[in-house]
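Chain and residue survey
Chain by chain, the residues run as shown.
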Amino acid sequence: MSYRGRFAPSPTGRLHFGSLVAALASYADARSAQGEWLLRIEDVDRPRTREGAAGLILRDLERLGFAWDGDVLHQSARTDAYRAALDALRGRGLAYRCTCTRRDLASAPRNALGETIYPGYCRPDPAHDGPGSGRAAWRAAVPAQAVTVVDRGFGSLVQDLAADVGDFVIRRSDGWFAYQLAVVVDDAAQGITDVVRGADLLLSTPRQVYLQRALGLPTPRYFHVPVATDRHGVKLSKHLGARALADDAAKALVDAWRFLGQAEPPAPPASVDEFWTYALSNWRAGHVPAQFTLPALVNQDLHR
Ligand code: GLU
Ligand code: ZN
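The notes below deal with the structure included here. (Residues numbered from 1 in each chain as written. Chains lettered and ligands numbered in written order. Predicted model: local features only at pLDDT ≥ 70, side-chain atom pairs only at ≥ 80, totals over all residues. Heavy atoms only, no water.)

When helices and strands are tallied, the protein shows 9 helices and 11 strands. Within the protein, the proportion of its 304 residues that are buried is 50%. Sequence-distant contacts, at least 24 apart, represent 76% of the contacts inside the protein between residues at least 6 apart. Surface exposure of the protein reaches about 14300 Å², of which carbon and sulfur atoms provide 51%. (Helix = DSSP H or I, 4+ residues; strand = E, 2+ residues; numbered from the N terminus. Buried < 20%, exposed > 50% of the residue type's maximum accessible area, 1.4 Å probe, protein only. Contact = heavy atoms within 4.5 Å. Areas by Shrake-Rupley, 256 points an atom, 1.4 Å probe, with all protein chains shown as cover.)

A few words now on the coordination of the zinc ion (ligand 2). The coordination sphere of the zinc ion (ligand 2) contains the protein donors Cys98 (SG), Cys100 (SG), Tyr118 (OH) and Cys122 (SG), at a distance range of 2.1 to 2.4 Å. Taken together, the 4 donor atoms coordinating the zinc ion (ligand 2) and their angles of 93 to 127° define a geometry best described as tetrahedral. The class of Cys122 is buried, set by a relative accessible area of 4%. (Donors = N, O, S within 2.8 Å, 3.2 Å for Na, K, Ca; no water. Tetrahedral: all angles 85-135°; square planar, octahedral: opposite > 155°, others 65-115°.)

Around ligand 1, a shell composed of Arg6, Ala8, Pro9, Ser10, Glu42, Tyr179, Val183, Arg197 and Leu201 is seen. Here Arg6 contributes a side-chain N or O atom positioned 2.6 Å from an oxygen atom of ligand 1. Across the complex, the protein chains shield 79% of the 300 Å² of accessible surface that ligand 1 would expose by itself. Class assignment of the residues belonging to the shell around ligand 1 gives a composition of 5 nonpolar, 1 polar and 3 charged. (Near = heavy atom within 4 Å. Polar contact = N/O pair within 3.5 Å; in protein donor to acceptor, adjacent residues only side chain to side chain. Nonpolar A, V, L, I, M, F, W, Y, C, P; charged D, E, K, R; others polar.)

Topologically, Ala54 is positioned in helix α2 (residues 53–63). Counting along the chain gives 41 residues from Ala54 to Gly13, while the straight-line C-alpha distance between them is 8.0 Å. Those residues within four positions of Ala54 in sequence are excluded, and the remaining contacts are Pro11 and Ile41.

Two elements in contact, helix α1 (residues 17–31) and helix α8 (residues 249–259), have axes separated by 9 Å at closest approach and are oriented at 70°. With respect to α8, the element α1 is oriented roughly perpendicular. In this structure, α1 contributes Phe17, Leu20, Val21 and Leu24 to the contact, and α8 contributes Ala252, Leu253, Asp255, Ala256, Trp257 and Phe259. Of the residues that constitute the contact of α1 with α8, the class distribution is 9 nonpolar, no polar and 1 charged. (Axes fitted to C-alpha atoms, helices over the stretch in contact; angles between N-to-C directions. Parallel < 35°, antiparallel > 145°, perpendicular 65-115°, else oblique.)

You can see Ser204 is positioned in the loop between β9 (194–198) and α6 (205–215). For Ser204, a relative accessible area of 9% translates into the label buried. Setting aside anything within four residues of it in sequence, one finds Ser204 in contact with Tyr179 and Gln180.

Moving on: the nonpolar core. With 39 residues, the main nonpolar core has Leu24, Leu64, Phe66 and Trp276 as its most contacted residues. Those elements that place two or more of their residues in this core are α1, β2 (36–41), α2, β10 (221–225), α8 and α9 (272–282). Tallying contributions element by element places α1 first for this core, with 9 residues. The residues contacting Trp276, other than those within four sequence positions of it, are Leu24, Tyr27, Leu64, Gly65, Phe66 and Leu253. (Core = buried A, V, L, I, M, F, W, Y, C linked by side-chain atoms within 4.5 Å.)

Our focus in this paragraph is the pattern of salt bridges. For the structure on display, the rule yields 20 salt bridges. The salt bridge partner of Glu36 is Arg4, with a shortest N-O separation of 3.0 Å. Separated by 32 residues along the polypeptide, Glu36 in strand β2 and Arg4 in strand β1 (residues 4–7) bring together distant segments of the chain. Across the salt bridge formed by Asp45 and Arg48, the nearest N and O atoms sit 3.7 Å from each other. In this structure Asp45 comes out as buried when scored by relative accessible area, which is 18%. Where salt bridges share partners, they join Arg6, Arg40, Glu42 and Asp187 into one cluster. (Salt bridge = Lys/Arg side-chain N within 4 Å of Asp/Glu carboxyl O.)

With the exception of glycine, the majority of residues adopt a negative phi angle, and the majority of peptide bonds are in the trans configuration. A positive phi angle, near 55°, is found at Gln34, a position not held by glycine. Assignment of secondary structure puts Gln34 in the loop between α1 and β2. With a relative accessible area of 71%, Gln34 lands in the exposed category.

Across the 6 residues of β2, 5 count as buried, placing the element largely inside the fold. Two elements, β1 and β2, share 4 bridges in a ladder whose sense is parallel. Of the residues in β2, the one forming a bridge with Phe7 is Leu39. Handedness of the crossover joining β1 and β2 through α1 is recorded here as right-handed. Direction of pairing for β2 relative to strand β3 (residues 73–74): parallel, over a ladder of 2 bridges. In the sheet register, Arg40 faces β3, and the bridge partner there is Leu73. For the crossover that starts at β2, traverses α2 and ends in the parallel β3, the hand is right-handed. (Pairing = 2+ DSSP bridges. Right-handed = clockwise from strand over helix to strand, strands pointing away.)

So, to be careful, I would describe these as geometric facts and stop short of saying anything about function.
The following block contains the structure:
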């Protein structure tokens, strides 16, 4: 079985416990399957990108003993590929310009995450397609049809994109391409077979699978792992984002390893190398807890 995994951090700050958990899960899963592991810096969202953060993330990963294959891909250098994907969607009548303002959408319905379900105001109005004038976003037109994703952790997730999300933004009105489009284009371009990442992205997956199908791209296997949250269910990175990991790299790895439900090493590893020697022969994907709840998932048809 060929396996190519990846870690795709957004350079909004340093590596923190939450991102270490995602990195560790994807790395252990890939390497214990004799797979490759690639790195991608998701700096597509330029306004949120912090100067120097990408370099610090790479240094932290090195210090923690992660070794990646090939060159690091930067989304900021991939604009042409995203534009080609947008053109392909347009060619199939699956993307359209949207000139709605925040105010236009203020009374639109919202989903369980509090996100606007786009009511389709700008949908196929030929006057909006074409060169247009002024600022406009681009949206992907979604069908009134459920998308099913089979996840290794959660089992199957069925989402009706039209009812739960609506036509979603693939290029923002400020000109930057949206994460949902960029991640699909890049996972395909990098030949990713296995996406292992935090469960906060589980509900983005049906949108991504929809785009893959619309663009004729393969769908990787997905495995969403628990996200570190505090007792109020707030994602840890939200307030610990800037906090560096423990200086003791081996200890930081063991903490993340435990969080993923993995068996305790017989003795605390004295070094990063010792940790990885143990980890890569003891990784059990089936031990990663699946019985965790995100408040946002309440309205989803979620079952193993
Ligand atoms: N860049 C995203 C993040 O840091 C991860 C995207 C992904 O793994 O698909 O949250
Ligand atoms: Zn609109």
